[in-house]
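A structural walkthrough
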Amino acid sequence: CYIDEHSPLYGSRPFGFIHDEILAEIPESVAHEAGPEMARIMREAMRRWVPDVEIAAEAALMRRLSKAAGDPKYIDGKLVPYEDWQIWNKEHRSA
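Each value, and the rule that gives it
Residues numbered from 1 in each chain as written. Predicted model: local features only at pLDDT ≥ 70, side-chain atom pairs only at ≥ 80, totals over all residues. Heavy atoms only, no water. Helix = DSSP H or I, 4+ residues; strand = E, 2+ residues; numbered from the N terminus. Salt bridge = Lys/Arg side-chain N within 4 Å of Asp/Glu carboxyl O. Buried < 20%, exposed > 50% of the residue type's maximum accessible area, 1.4 Å probe, protein only.

**A few points about the environment of glutamate 54**
- Assignment of secondary structure puts glutamate 54 in the loop between helix 1 (31–49) and strand 3 (73–75).
- Sequence separation of glutamate 54 and leucine 9 is 45 residues, and the distance between their C-alpha atoms is 25 Å.

Listed below in structure tokens is the structure:
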């Protein structure tokens, strides 16, 4: 997060490690790339400890922590914050 300026995680600030989740503040301009990168690193690190177990990790974006966010949200294949997806979903559902 702090060393590689070319990483999508550069500038991110992890602040919470809760059971199987890592909470981080990530610049919104790169969050759609940083989230999947963080999930990839989590899977890779876990495989070192339990190589015989299938590991899954996904990133979800939100501006405020909310369990209502549920699964990761995508618009046109791009990971987006839950709040943006709610607006987009409401607009497209009524169209």
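This is not the end of the story, as more comes after the structure.
**So, the pattern of salt bridges**
- Applying the stated rule across the entire model yields 7 salt bridges.
- The partner of glutamate 28 in a salt bridge is arginine 63, and the shortest N-O contact between them spans 2.4 Å. One end of the pair, glutamate 28, is in the loop between strand 2 (21–25) and helix 1; the other, arginine 63, is in the loop between helix 1 and strand 3, with 35 residues separating them in the sequence.
- With relative accessibility at 46%, the residue glutamate 28 sits in the partly exposed group.
- On the accessibility criterion, arginine 63 (39% relative accessible area) is partly exposed.
- Where glutamate 44 meets arginine 40, a salt bridge forms, and the shortest distance between an N and an O atom there is 2.8 Å. Note that glutamate 44 and arginine 40 are positioned in helix 1 at a spacing of 4 residues, about one turn of the helix.
- Arginine 40 gets classed as partly exposed once you look at its relative accessible area, which sits at 33%.

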